[in-house]
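Structure assessment
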Amino acid sequence: MTDIRNIVVLTGAGISAESGIDTFRDAGGLWEQHRVEDVATPEGFARDPGLVLGFYDMRRAALGDVRPNDAHRALARLEKAFDGKLLIVTQNVDDLHERAGARNVLHMHGELNSALCNICGTRSPWNAPMSADVHGQRPECPACEARSLRPDVVWFGEMPYQMERIYAALREADLFVSIGTSGAVYPAAGFVRDARELGARTLELNLERSEGSHWFHESRQGRAGELVPAWVDEVLGS
């Protein structure tokens with residue numbers, strides 16, 4: 001792999017599942033016992049903001065009980081040791097990549113530890129609850145003091161973040177690697193096709209073949225905690 005100078009890695013729910021974080025939804029259309037439409041859409045938030053804020057408060061608090069796994073740590077090791085460029089684009093809203101030591105991470109679907117103000121549009125680091133307190137008051141926006149915070153998470157029907165930066169990285173990539181993704185959710189599911197048509201080599205590391213496996217030059221099946229460190233060893237060893 002001596003000709004590889006620019007790598008784009010896409011990570012999905014499968015990499016964090018091995019740390020104990022539930023995957024996005026099961027076959028019944030539920031997400032941690034909630035209908036996706038109720039907790040992951042702007043319409044759901046408009047109908048019942050208390051339900052949505054409480055749901056994300058619980059998910060945010062649960063981050064304290066999980067730790068990065070060998071796959072997260074391997075990518076951080078690659079970022080530190082690789083001589084070229086590496087961008088980690090994650091669909092996950094957890095902070096496990098950063099806690100493993102990675103720095104060049106782009107959260108295309110937002111972050112649990114961030115709040116977005118519906119009034120002024122400011123994004124702020126956030127680790128506290130967003131739901132109303134015993135007095136019925138929701139916390140204030142640090143910038144404008146409006147009580148209008150929502151999770152800084154991209155819901156269905158909303159545009160993922162920093163798409164221009166992602167596509168610019170794909171245009172420069174020599175290698176595109178997808179880790180722990182279903183290949184079913186767009187626009188991320190289309191990145192492999194874009195990268196391949198632009199001339200990049202493409203590699204899939206997944207528990208099983210995804211819906212987009214046929215677009216990859218190579219697809220390896222197994223646990224991310226085993227596949228990713230082995231692949232990183234290959235890259236750094238070459």
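Values in this document were obtained by computation on a predicted structure and should not be read as measured data. (Residues numbered from 1 in each chain as written. Predicted model: local features only at pLDDT ≥ 70, side-chain atom pairs only at ≥ 80, totals over all residues. Heavy atoms only, no water.)

For the rest of this paragraph, the subject is the packing of aromatic side chains. Scanning the entire structure with this criterion turns up five aromatic pairs. Geometrically, the ring pair formed by Y167 and F191 is edge-to-face, given 5.8 Å between the ring centres and 85° between the ring planes. Of this pair, Y167 sits in helix α7 (residues 163-172) while F191 is found in helix α8 (residues 191-197), placing the two residues 24 residues apart along the sequence. Take Y167: its relative accessible area is 29%, and that puts it in the partly exposed class. Each residue in the set F45, F55, Y56 and W155 is aromatic and connected to the rest through ring pairs, giving one cluster. In this structure, R123 is placed above the aromatic ring of Y161, and the distance from its NZ or CZ to the ring centre is 4.4 Å. (Phe/Tyr/Trp six-rings, centres within 6.5 Å; stacked < 30°, edge-to-face > 60°. Helix = DSSP H or I, 4+ residues; strand = E, 2+ residues; numbered from the N terminus. Buried < 20%, exposed > 50% of the residue type's maximum accessible area, 1.4 Å probe, protein only. Lys NZ or Arg CZ within 6 Å of the ring centre and 35° of its normal.)

Now for the UniProt feature "binding site: substrate" (unreviewed entry) in the chain. As recorded in UniProt, the feature "binding site: substrate" (unreviewed entry) lies at Y56 and R59. Classification of Y56 by relative accessible area gives buried; the value is 0%. In this structure the side chain of Y56 is engaged in a polar contact, spanning 2.9 Å, whose partner is the backbone oxygen of V39. Along the chain, R59 turns up in helix α4 (residues 49-62). (UniProt positions renumbered as here; feature names shortened; annotations may be inferred. Polar contact = N/O pair within 3.5 Å; in protein donor to acceptor, adjacent residues only side chain to side chain.)

Time to look at the pairing of strand β8 (residues 149-153). Of all the five residues making up β8, five are buried; the element is thus mostly covered by neighbouring parts of the structure. Taken together, the four bridges between strand β6 (residues 110-117) and β8 define a ladder with antiparallel strand orientation. Bridge pairing in β8 links G110 to V153. (Pairing = 2+ DSSP bridges.)

It is worth spelling out the pattern of salt bridges at this point. When the charged atoms of two side chains lie near each other, side chains of opposite charge can form a pair. Here the structure, examined in full by the defined rule, presents 16 salt bridges. As a salt-bridge pair, R223 and E226 come within 3.2 Å of each other at their nearest N and O atoms. Through salt bridges that share partners, R35, E37, D38 and R47 make up one connected network. (Salt bridge = Lys/Arg side-chain N within 4 Å of Asp/Glu carboxyl O.)

Structurally, T181 can be placed in the loop between β9 (175-179) and α8. With a relative accessible area of 9%, T181 lands in the buried category. Note: C-alpha distance between T181 and A132 (49 residues apart in sequence) is 35 Å. Apart from the residues within four sequence positions on either side, T181 is in contact with L10, T11, G12, Q91, N206 and S210. Within the local environment of T181, its side chain forms a polar contact with the side chain of S178, the two groups lying 2.7 Å apart. (Contact = heavy atoms within 4.5 Å.)

Approximately 170 Å³ is the volume attributed to the second largest pocket. In terms of lining residues, the second largest pocket is bounded by N6, I7, V8, K85, L86, L87, N104, R165, A168, A169 and E172. Per element, the largest residue contribution to the lining of the second largest pocket is four residues, and it comes from α7. A per-class count over the lining of the second largest pocket returns six nonpolar, two polar and three charged. (1 Å grid on protein atoms, 1.4 Å probe; cavity = no way out; pocket = protein on both sides within 12 Å on 5 of 7 lines; lining within 4 Å. Points joined across faces, edges and corners; volume = space filled by probe spheres on them. Nonpolar A, V, L, I, M, F, W, Y, C, P; charged D, E, K, R; others polar.)

With that settled, consider the sheet that holds β8. Spatial ordering of the open sheet is given by β7-β6-β8, a layout of three strands whose pairing is antiparallel. Across the chains shown, the open sheet's two edge strands, defined by having one partner strand only, are β7 (123-125) and β8. Neighbour-to-neighbour, the strand axes of the sheet open up by a mean angle of 45°, direction not taken into account. When β6 meets β7, the two strands line up antiparallel, connected through three bridges. In the strand pairing of β7, L116 is matched with R123. In the packing of α4 onto the sheet, contacts are made with β6 and β8, and the angle to β8 comes to roughly 55°. (Axes fitted to C-alpha atoms, helices over the stretch in contact; angles between N-to-C directions.)

What tends to happen in soluble globular proteins is that the nonpolar side chains get buried as a cluster. One finds I7, V177, I179, V228 and W231 to be the most contacted residues of the largest nonpolar core, which totals 25 residues. When contributions to this core are tallied by element, the ones reaching two or more residues are β1 (6-11), α5 (70-81), β4 (85-90), β9, β10 (201-206) and α9 (224-237). (Core = buried A, V, L, I, M, F, W, Y, C linked by side-chain atoms within 4.5 Å.)

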